[in-house]
Amino acid sequence: MLCIGLVGCSKKDNPVPEFQETNLAPLSIEFDNIVGARTFTLNNTGSPYKNAAGEEFTISFLQYFISNIKVETAAGKSYTVNPDSSYFLIKGADKDSRFAKVRVPEGDYAKLTFTLGVDSLRSTMPIDKRTGVLDPAAGADHENGGMYWGWNSGYIFFKYEGNSKVISDDANGDPTGKKQFKYHIGFFGGYSVPTINNIKVITMDLNAAGIAKVRKDRQSNVHLFVDLMKVFNGKTPFSIAAHPNVMFNDFSSTVAGNYVEMFKHDHTEN
Amino acid sequence: MTKKHWMVLLVFGLFVLACKKDHPIKEEIEKFLGFQKPSNFPEPVYNFANNPLTKEGFELGRALFYEPRLSRNNTISCGSCHIQSSAFTQHGHDVSHGIDDRLGTRNSPAIMNLAWSKAFMWGGGVYDLDLQPITPITTHEEMDENLENVLKKISVLPKYRALFKQAFGTEELSTARFMKALSQFMLMCVSSHSKYDQVMRKEGAVFTAEEQEGYVLFQEKCASCHSEPLFTDGSFRNNGLGVSAVNDQGLYAVTLIETDRYKFKVPSLRNLKYTAPYTHDGRFLTLDGMLEHYNSEVKDTPNLDPLLRKNGRLGIELSGTDKQKLAAFLGTLNDEAFINDKRFSEQ
């Protein structure tokens, strides 16, 4: 009886607010990188990861763009975050970057949609619209985290590098002998003629692991696990030895087809 | 009116003209007229509404164009490989040499009439002039620098802080402002004072008989790709060059579309006198060599342009006299005023 009473009380105190587009409150989406059954650690050469092909590897660099966040209530009311504040660069080397913080109307959300990459509209916008993480000058050069391709105007959506002993020292592997793999995946579909499109839109049902109750007086956090192992072990598994470098070629679509499976809703902190 | 009256009027008229000549014309030269579309040119494609040209913006762009700090070790400026006296190309070099004398794989393209350009680079990949300078700045064989560092190096110099303030109202130095200023300079580099232009605009010049015959030949044999008045249709085509050891695949490298293999941007034929050597890898040292390619050296490589395969023959038939006449006409496309225009020179 006491229990029921308490539940009844809390419900009364905290009803679901009416959905109003202007009544904004904070919501964060946490991109918590993991590798299979293990935590994400850079350069853990003492205990490397192992993919389905049995190849041991370590990760030296990870960055990806998350953009165009949209939420939807169980009743089907949806809200799309203003595109000018909906681009986030998640950096493996910077724990603080794992949260995509947005503002959405107060409400209970059962569905979350976001893009892995930078949509084609933004990829072709004038230079003035390319600020913050989209500034072509951001992150300096490609060794230091730059995510912009100058020679083929566009952004690298997903940049994942590491090392594996299985990589050969010849031109098909890493001729520098560092046994590095590099996956730089971009391609938004082309300016004028259609080219490869690796933009991935991901929609997650939050019902099973917990809906997001967004209120002004608290920080609702949708906690996602992002499993980097899926890059190798996704729907089209591949071996690092066979594809140590994937940047600007057709195989990039296979890698993108795999990484779209990385996201799993673990829980929501309301 | 008597004869005397006419004389007075004439003398008076001359006097007025003489008076006018000195001051107002001098002022005219100094006055910044902004971007002016030549009357025989089509509407430009660049979005000027997003980057209105101003004297201050242009001057900042010019300073940046000639600024060696855009390169890693502060030795190479845009003007190093885009030399005004060569119509902003690097005359005499098949492929350009950049920082530490590293060699690229392509010939410096001319910087002229870019306001009408829909795509940049020999092999495409860049479709907005405001994003183009990132490529040479970051390319290993060119300036080998990164944009963030360039902005850092420039922002500490009082000269640039002042120039940015004049151009954009505040000293703030952003990627967008940096790119827009460079665009302003490049957009102003309009070449439209060749003999051809003067003939077309009926400014008093006339073609010689040989030039006129060359013009007729040009219209018949060349104009479908090198269309007037820009002398390029801006498209990408395979003009039958034999595949070199570098195996540069042109447009294919940025689209990965099979039918784009070996296609390169059709270059303008303006200012050929100053821009040799020709083609994306500068393999033809002379105009005669280039014309002979079309006459007898076209190779049947994948995606060869259909215009170069007619009546069971590869290429475009050109006799010795044809070539001579074409060369005479193409000579009318040289714009001496453009390569000597002080506004475009390092100040």
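Residues numbered from 1 in each chain as written. Chains lettered and ligands numbered in written order. Predicted model: local features only at pLDDT ≥ 70, side-chain atom pairs only at ≥ 80, totals over all residues. Heavy atoms only, no water.

Engineer: Whenever I open this one, the domain arrangement of chain B confuses me. Can you help?
Structural biologist: One frequently used descriptor of interface size is the decrease in accessible area upon assembly of the parts. Residue and element names in this part refer to chain B. One can read the domain layout of chain B as domain 1 (48-191) and domain 2 (195-337). One C-alpha centre belongs to domain 1, the other to domain 2, and the line joining them spans 27 Å. Carbon and sulfur atoms supply 55% of the area buried between domain 1 and domain 2, which totals about 1,900 Å² over both sides. D248 serves as the salt-bridge partner of R106, at 2.7 Å between the closest nitrogen and oxygen. (Domains from an automatic or database assignment. Buried area = accessible area lost by both parts, 1.4 Å probe. Salt bridge = Lys/Arg side-chain N within 4 Å of Asp/Glu carboxyl O.)

Engineer: I would appreciate a short explanation of the packing of helix 2 (residues 55-65) of chain B against helix 6 (residues 158-168) of chain B in the present structure.
Structural biologist: Residue and element names in this part refer to chain B. The geometry of helix 2 relative to helix 6 is characterised by a closest axis approach of 8 Å and an angle of 150° between their N-to-C directions. By the angle between their axes, helix 2 is roughly antiparallel relative to helix 6. The chirality of how helix 2 crosses helix 6 is left-handed. Contact residues: helix 2 offers E56, G57, L60, A63 and L64, while helix 6 offers K159, Y160, L163, F164, Q166, A167 and F168. When grouped by side-chain class, the residues that make up the contact of helix 2 with helix 6 number eight nonpolar, two polar and two charged. (Axes fitted to C-alpha atoms, helices over the stretch in contact; angles between N-to-C directions. Helix = DSSP H or I, 4+ residues; strand = E, 2+ residues; numbered from the N terminus. Parallel < 35°, antiparallel > 145°, perpendicular 65-115°, else oblique. Left-handed = near helix turned anticlockwise from the far one by under 90°. Contact = heavy atoms within 4.5 Å. Nonpolar A, V, L, I, M, F, W, Y, C, P; charged D, E, K, R; others polar.)

Engineer: Can you help me understand the packing of aromatic side chains in this one?
Structural biologist: Aromatic ring pairs are described here by two measures, namely the spacing of the ring centres and the angle between the planes. Tallying each qualifying case throughout the model produces 51 aromatic pairs over all chains. Judged by centre distance (6.2 Å) and plane angle (70°), the ring pair of F57 of chain A and F181 of chain A falls under edge-to-face. Of the two residues, F57 of chain A sits in strand 4 (residues 56-73) while F181 of chain A sits in strand 11 (residues 180-186), which places them 124 residues apart along the sequence. By relative accessible area, which is 1% here, F57 of chain A ends up buried. Aromatic side chains F218 of chain B and F329 of chain B sit 5.1 Å apart centroid to centroid with 40° between the ring planes, which places their arrangement in the tilted category. Taken together, the residues F218 of chain B in helix 9 (residues 209-221) and F329 of chain B in helix 13 (residues 320-331) connect sequence positions 111 residues apart. The two residues F218 of chain B and F329 of chain B agree in class, both being buried. Geometry around Y252 of chain B places R261 of chain B over its ring, the cationic atom sitting 4.0 Å from the centre. (Phe/Tyr/Trp six-rings, centres within 6.5 Å; stacked < 30°, edge-to-face > 60°. Buried < 20%, exposed > 50% of the residue type's maximum accessible area, 1.4 Å probe, protein only. Lys NZ or Arg CZ within 6 Å of the ring centre and 35° of its normal.)

Engineer: Could you clarify how one ought to interpret unusual backbone geometry in this entry?
Structural biologist: Peptide bonds are, in most cases, trans, and in most cases residues other than glycine have a negative phi. Residue and element names in this part refer to chain B. Residue E228 is joined to P229 through a cis peptide bond whose omega torsion reads -5°. Within the secondary structure, P229 sits in the loop between helix 9 and strand 1 (236-237). Positive phi is not limited to glycine here, since M121 has a value of about 75°. Note on placement: M121 falls in the loop between helix 3 (78-81) and helix 4 (134-138). Phi is positive for F231, close to 65°, though the residue is something other than glycine. With respect to the element layout, F231 can be found in the loop between helix 9 and strand 1.

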